[in-house]
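Chain and residue survey
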Amino acid sequence: MIDIIKAIQKINPNAEVSVNDDDINQITWHNGTTPISKADIEAKMAELQAEYDAEEWKRNRQAEYPTLQDCIHALLDGGDTLTELQAKRTATKTKYPKSGA
Amino acid sequence: MAITRLGGANAITGTIPQGNIANASLGAVTALPAAIATGKVLQVLSTAKTGGFSTTSSSLTDLTGLSVAITPSSSSNKIFITAYINGLVDASSGAYGGRYQLVRGSTEIAKADASGSKQLGTGSPGGRDGGPFTANTTINFLDSPSSTSELTYKIQLAHTQSKTIRVNEADGNPNDSTYGLKMISTITAYEIAG
């Protein structure tokens, strides 16, 4: 799950709060911040986790794409080098299709 | 000859050869000379925080679980505090300011000199710059509390730009095995004979 404080900041970006041991029962609100209910925090955590999971394809692609340096070399060299690089990128895209695609 | 002068019962000077010192005679020693009575470590107490902590507080707040209580045996004794904290300012939006403050009870100790409107502290967490990696901060401070009551030393922390300071963890997502590191922090108190 997405951590608690990240969910709280999504609900209230100006919240001043502390969270101990990643425990929703150990939240301290500071400096007049209006407390947010546990239910609202948990709902936001689930929403953020769904967003995170939905972008797994993007993280997988980024991990396997050729490096920026490889791309520059391929663009400068052109020819077979560029063709091979484009093939690698296409294979990675096919391996990890966009979520919902 | 190792002994250089014999001038009476209290006037022996020189060096005794190592082989002539018997363990049995050393074992009979019951007290150190008064001249070196200070500086001895009388007790050591330590706490390790193994769980995570995160805060967006702009005012100093307790780092829950990172405290140590010690009772000096004499008011002339000193307390040497060492704290080792793994933390970072999650500065994904370019905000880096954060501070740690060593506190005895409710008294801030080990504090920097005032300087304009700067926020003062004992130490600072590392800033995130291109990667969610923590920096460890070590605090060493010799306190002279002049007390024989139980004293609680703790670490407080605050962000100066209302972002997140994380302690013992490098990333907010527990399922992130690439950047999701977890560490521990410790605080240790040594009572030193004064």
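**Re the sheet that holds strand 8 (residues 107-108) of chain B**
Residue and element names in this part refer to chain B. Read from one edge of the open sheet, four strands run 5-11-7-8, paired in antiparallel fashion. The open sheet is flanked by strand 5 (61-70) and strand 8, the only strands paired with a single partner. Note that strand 7 (residues 98-104) and strand 8 share two bridges and pair antiparallel. In the sheet register, Arg104 faces strand 8, and the bridge partner there is Thr107.

**Observations concerning helix 2 (residues 38-54) of chain A**
Residues that lie three or four places apart on an α-helix share one face, since the helix turns once every 3.6 residues. Residue and element names in this part refer to chain A. The end-to-end C-alpha distance of helix 2, which contains 17 residues, comes to 24 Å, matching closely the 24 Å that a straight helix rising 1.5 Å per residue would cover. Of the residues making up helix 2, those classed as buried are Ile41, Lys44, Met45, Leu48 and Gln49. Here the buried residues of helix 2 occupy an arc of 140° about the axis, which is enough to place them on one side.

**Section: the packing of aromatic side chains**
A full pass over the atoms with the stated rule returns one aromatic pair over all chains. Seen from their ring centres, Phe80 of chain B and Tyr190 of chain B are 6.0 Å apart, and the 45° between their planes marks the pair as tilted. Highlighted residues: Phe80 of chain B in strand 6 (residues 78-90) and Tyr190 of chain B in strand 13 (residues 185-192), separated in sequence by 110 residues. The class of Phe80 of chain B is partly exposed, set by a relative accessible area of 27%. Under the relative-accessibility criterion, Tyr190 of chain B is labelled partly exposed at 26%. When the ring centre of Tyr52 of chain A is taken as origin, the NZ or CZ atom of Arg59 of chain A, which lies over that ring, is 3.7 Å away. Between the NZ or CZ atom of Arg89 of chain A and the centre of the ring of Tyr65 of chain A, over which it lies, the distance is 4.4 Å.

Scoring rules and cut-offs
Residues numbered from 1 in each chain as written. Chains lettered and ligands numbered in written order. Predicted model: local features only at pLDDT ≥ 70, side-chain atom pairs only at ≥ 80, totals over all residues. Heavy atoms only, no water. Pairing = 2+ DSSP bridges. Helix = DSSP H or I, 4+ residues; strand = E, 2+ residues; numbered from the N terminus. Expected span 1.5 Å × (residues − 1). Buried < 20%, exposed > 50% of the residue type's maximum accessible area, 1.4 Å probe, protein only. Arc of directions from axis to C-beta. Phe/Tyr/Trp six-rings, centres within 6.5 Å; stacked < 30°, edge-to-face > 60°. Lys NZ or Arg CZ within 6 Å of the ring centre and 35° of its normal.

Take it as geometry only, folks, not as evidence of what the structure does.
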